[in-house]
Amino acid sequence: MMPSVGVVVPTRGDRPGPLRAALTGVLAQEYAGPVEVVVVADGVPASLVASQVSGVADAEAGSEAVTGAGEAVRSVRVLGNRRVVGLPGARNTGISVLGTDLVAFCDDDDLWLPGKLAAQVAALAEEPDAGFVSCAVEVEYGDRRVPRLAGTRRVTHRHLTRSRMMMVHSSTFLFRRGWTWVDESAPSGQNEDWDLALRAAWRHPIVHVDRPLVRVRWGSSHYVGRWADRIAGLEWMLARHPGLAAEPRGAARVYGQLAFCHAALGRRREAARWSLRAFSARPGEPRAAVALAVAGGLVSPRAVLHALHRHGHGI
């Protein structure tokens, strides 16, 4: 038998259209094994979320709906976040109620593309010692879609230390149940996915299917522009993963991001301080130069992000 898969879909209930599309993408996967979907309502009543997705999954709050897709069984249930409020707690709530062989994540504004689940399960089966698999993504921003590939079939801890590897995105995560949990101490849920990937890669290189099998929609992200939260999340990562500061390229990247976030908040002194640290770690670090331009009022942070997002990149 094919391994059973549990899919955790956290939502705040404020994106019903994308949520319905996300569930449709999961339920439409041509995968021969059982698939159980848990939609976790974070900070809103589960009954509200159940009403939003009832046309897609016929799910009710606290109950389970089962549909057949050939011999493949699909079940969907909606429940409230039972742990710390926020994305990490919502993910862990979903993990805690699942009894499946594998667990996957899908954000409520992203979309699994055809073949995603089958390709990842097959890749994981080829490496019995591995417990975690990701895949490449297609970034959608406005009217543009840009594929982001990793250029490797194995994502190591060093890969993720030198670069965030944005294609190793939470909506691509598939792992053996019991392999890992999300750290709920992540401030405002920032960087919980990067932290999770780093910890997984430390145990064993992440198996990676380098084909864009998930569409990541950046235009509706809850995190864009929350500069203070992003600063707290980056400082949390530096404290939690000392190896980031030990890798010059990775350190310069994080310092440059901190400089940019402080510049976006109008904190010129802090922006200059972090830019200097970024240049010291890696002369010519582009994020530091951009941060100084923002701090000097030469360009707005929104204009910078818009230009980067159109090419499938972030700061």
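Anything mentioned here points back to the structure above.
Residues numbered from 1 in each chain as written. Predicted model: local features only at pLDDT ≥ 70, side-chain atom pairs only at ≥ 80, totals over all residues. Heavy atoms only, no water.

Caption draft 1: Spatial organisation of the overall build of the protein chain. Helix and strand content of the protein chain: 12 helices and 11 strands. Taking 2.2 N^0.38 as the reference for a compact globule, 315 residues should give roughly 20 Å; the C-alpha atoms of the protein chain span a radius of gyration of 20 Å, in line with that estimate. Put simply, the protein chain has 315 residues, and 55% of those count as buried. Residue pairs at least 24 apart in sequence account for 76% of intrachain contacts in the protein chain once pairs closer than 6 positions are excluded. Total accessible area computed for the protein chain in this model is approximately 13,000 Å², and 53% of it derives from carbon and sulfur atoms. (Helix = DSSP H or I, 4+ residues; strand = E, 2+ residues; numbered from the N terminus. Rg over C-alpha atoms; globule rule 2.2 N^0.38 Å. Buried < 20%, exposed > 50% of the residue type's maximum accessible area, 1.4 Å probe, protein only. Contact = heavy atoms within 4.5 Å. Areas by Shrake-Rupley, 256 points an atom, 1.4 Å probe, with all protein chains shown as cover.)

Caption draft 2: Summary view of the environment of valine 53. Structurally, valine 53 is set in helix 2 (residues 46-57). Judged by its relative accessible area of 0%, valine 53 is buried. Residues valine 53 and valine 78 lie 25 residues apart in sequence; the distance between their C-alpha atoms is 9.3 Å.

Caption draft 3: Main features of the pattern of salt bridges. Under the definition given, this model contains 22 salt bridges. Among the salt bridges present, the one from glutamate 140 reaches arginine 145, with a minimum N-O distance of 2.9 Å. Judged by relative accessible area, glutamate 140 falls into the buried class, the value being 16%. Counted as one network, the salt bridges with shared partners bring together Asp183, Asp195, Arg199 and Arg240. (Salt bridge = Lys/Arg side-chain N within 4 Å of Asp/Glu carboxyl O.)

Caption draft 4: The packing of helix 10 (residues 268-281) against helix 11 (residues 286-295), seen in detail. Axis separation between helix 10 and helix 11 bottoms out at 9 Å; the angle between their running directions is 165°. What the angle tells us is that helix 10 and helix 11 run roughly antiparallel. Considering how the two elements wind past one another, helix 10 and helix 11 form a crossing that is left-handed. The segment helix 10 lies against helix 11, with Arg268, Ala271, Ala272, Ser275, Ala278 and Phe279 engaging Ala288, Ala289, Ala291, Leu292 and Ala295. (Axes fitted to C-alpha atoms, helices over the stretch in contact; angles between N-to-C directions. Parallel < 35°, antiparallel > 145°, perpendicular 65-115°, else oblique. Left-handed = near helix turned anticlockwise from the far one by under 90°.)

Caption draft 5: Broad picture of helix 1 (residues 16-27). Over its 12 residues, helix 1 extends 16 Å from the first C-alpha to the last, a length consistent with the 16 Å expected when each residue adds 1.5 Å. Every buried residue of helix 1 is accounted for by Leu19, Ala22, Leu23, Gly25, Val26 and Leu27. (Expected span 1.5 Å × (residues − 1).)

Caption draft 6: The arrangement of the side chain of serine 170 in detail. Inspection of the secondary structure puts serine 170 in the loop between helix 5 (157-162) and strand 10 (174-176). When neighbours within four sequence positions are excluded, serine 170 is seen to be in contact with Arg91, Phe105, Asp107 and Asp193.

Caption draft 7: Fine view of the side chain of arginine 91. Tracing the backbone shows arginine 91 in helix 3 (residues 87-97). When residues no more than four places from it in sequence are discounted, the contact partners of arginine 91 are Val8, Pro10, Phe105, Asp107, Ser170, Val182 and Glu192.

Caption draft 8: Highlighting the pairing of strand 11 (residues 206-217). Burial within strand 11 is extensive, with nine of its 12 residues counted as buried. Note: strand 6 (residues 111-112) against strand 11, two bridges, orientation antiparallel. Note on strand 11: the bridge partner recorded for leucine 111 is arginine 215. With eight bridges connecting them, strand 7 (residues 132-141) and strand 11 associate as parallel partners. Among the inter-strand pairings, cysteine 135 is bridged to a residue of strand 11, identified as valine 209. (Pairing = 2+ DSSP bridges.)

Caption draft 9: View of the packing of helix 6 (residues 192-203) against helix 7 (residues 227-240). Across the interface, helix 6 lies against helix 7 with an axial gap of 11 Å and an inter-helix angle of 20°. Between helix 6 and helix 7, the interaxial angle falls into the category roughly parallel. Two packed elements cross with a definite hand, and for helix 6 against helix 7 that hand is right-handed. Here helix 6 contributes Trp194, Asp195, Leu198 and Arg199 to the contact with helix 7, which in turn contributes Trp236, Met237 and Arg240. In the contact of helix 6 with helix 7, the residues fall into four nonpolar, no polar and three charged. (Nonpolar A, V, L, I, M, F, W, Y, C, P; charged D, E, K, R; others polar.)

Caption draft 10: Representation of unusual backbone geometry. In the Ramachandran plot, methionine 165 falls in the positive-phi region, its phi being about 50° despite a non-glycine side chain. Looking at where methionine 165 falls in the secondary structure, it is placed in the loop between helix 5 and strand 10. Positive phi, normally seen in glycine, also occurs at asparagine 191, with a value near 65°. Here asparagine 191 is to be found in the loop between strand 10 and helix 6.

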